[in-house]
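Inside the fold
The primary structure of each chain is shown beneath.
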Amino acid sequence: MDNSIITKLIKKVNFDVATKFELADTKEYSFVPVDAQSGVFFIAVHNGSKKEKINSLASSKISGRIEFIPLPEDKFEMLYDSFAQKYCEVTGMQYNKFSMSYAARKRNAVQEE
């Protein structure tokens, strides 16, 4: 999978839909809400994502069937970091790569063990 897929996915993120979720939740559960179209809500994830929790959270915010878009973890990390930065721009939050990046989530998980 090349980086053009990630570029296409980040361009497809509908931030009217994505901002229905807290950025902290997307980081904790490892997902990127992409878009809702024709009764299907598309969410990018990787193998370590908490799909049951994501499904529950998403169902409470968006109606329709949930379709997961699986990505390798390295590609998901690239997508998540671009998503988090754009999310902050759209919502007026200040983006801090050290604390908001996907790598920061992994660092925090290791420290908690």
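Scroll up a little and you will see the structure.
Residues numbered from 1 in each chain as written. Predicted model: local features only at pLDDT ≥ 70, side-chain atom pairs only at ≥ 80, totals over all residues. Heavy atoms only, no water.

**Quick notes on the sheet that holds strand β1 (residues 32-37)**
Two pairing modes exist for strands in a sheet, parallel and antiparallel, and in both the strands are linked by backbone hydrogen bonds. Note the cut-off: Strand pairing follows a simple DSSP-based rule, namely that at least 2 bridges must link the two strands. Helix and strand definitions here come from DSSP, where helices need a minimum of 4 consecutive H or I residues and strands a minimum of 2 consecutive E residues; each element is numbered from the N-terminal end. Each axis is a line fitted through C-alpha atoms, taken for helices only over the stretch in contact, and angles between the N-to-C directions span 0 to 180 degrees. A contact between two residues is defined here by any heavy atoms of the two lying within 4.5 Å.
The sheet built from 3 strands is open, its strands ordered β1-β2-β3 with mixed pairing. At either margin of the open sheet sits one strand with a lone partner, and together these are β1 and β3 (65-70). Taking each pair of neighbouring strands and ignoring which way they run, the sheet shows an average axis angle of 25°. With 6 bridges joining them, strand β2 (residues 40-45) and β3 adopt parallel strand pairing. Looking at β3, one finds that F42 is bridged to E67. Here helix α5 (residues 73-91) sits on the sheet and contacts β1 and β2; the angle it forms with β1, its principal contact strand, is near 80°.

**Let's talk about the packing of helix α1 (residues 3-12) against α5**
Put simply, the rule is: For any pair of crossing helices, the crossing counts as left-handed if the nearer helix is rotated counterclockwise from the farther one by less than a right angle, and right-handed if it is rotated clockwise. We call Asp, Glu, Lys and Arg charged. Ala, Val, Leu, Ile, Met, Phe, Trp, Tyr, Cys and Pro are nonpolar, and the rest, Gly among them, are polar.
At a closest axis distance of 10 Å, the pairing of α1 and α5 adopts a crossing angle of 35°. Classified by chirality, the crossing of α5 by α1 is right-handed. Two secondary-structure elements touch here, α1 through N3, I6, L9 and I10 and α5 through K75, M78, L79, S82 and F83. Grouping the constituent residues of the contact of α1 with α5 by class yields 6 nonpolar, 2 polar and 1 charged.

**What to know about the side chain of D35**
Note the following rule: Note on classification: 1.4 Å probe, protein chains only; a residue is buried when its accessible area is under 20% of the maximum for its type, exposed when over 50%, partly exposed between these limits. We treat Lys and Arg as the positive residues and Asp and Glu as the negative residues; His and chain ends play no part in the count. Any Lys or Arg side-chain nitrogen located within 4 Å of an Asp or Glu carboxyl oxygen qualifies as a salt bridge. Here a polar contact means two N or O atoms within 3.5 Å. Within protein one must be a hydrogen donor candidate and the other an acceptor candidate, and residues neighboring in sequence count only if both atoms are side-chain atoms.
Mapping D35 onto the fold places it in strand β1. No salt bridge forms around the buried D35; measuring N to O, its nearest opposite-charge neighbour K12 is 7.4 Å away. Within the local environment of D35, its side chain forms a polar contact with the side chain of N14, the two groups lying 3.1 Å apart. Leaving out residues up to four positions away in the same chain, D35 has contacts with K12, N14, V17, V40, F41 and F42.

**Things to note about the environment of S59**
Inspection of the secondary structure puts S59 in helix α4 (residues 51-61). In the structure, S59 is positioned 18 residues away from F41 in sequence and 9.3 Å away in space, judged by C-alpha atoms. A polar contact is formed between the side chain of S59 and the backbone oxygen of N55, at a distance of 2.8 Å.

**Describing the pattern of salt bridges**
Charged atoms that come close allow side chains of opposite charge to pair. If you walk through the whole model with that rule in mind, you get 1 salt bridge. For E67, the salt bridge identified is with R65, shortest N-O distance 2.7 Å.

**Some words on α5**
For the record, the criterion: How far a helix is expected to stretch is found by multiplying one less than its residue total by 1.5 Å.
Under the 1.5 Å per step criterion, the end-to-end length of α5 is 26 Å for 19 residues, consistent within 8% with the ideal 27 Å. K75, F76, L79, Y80, D81, F83, A84, Y87 and C88 are the residues of α5 that are buried. In the stretch just after α5, G92 is the one whose phi turns positive, near 85°.

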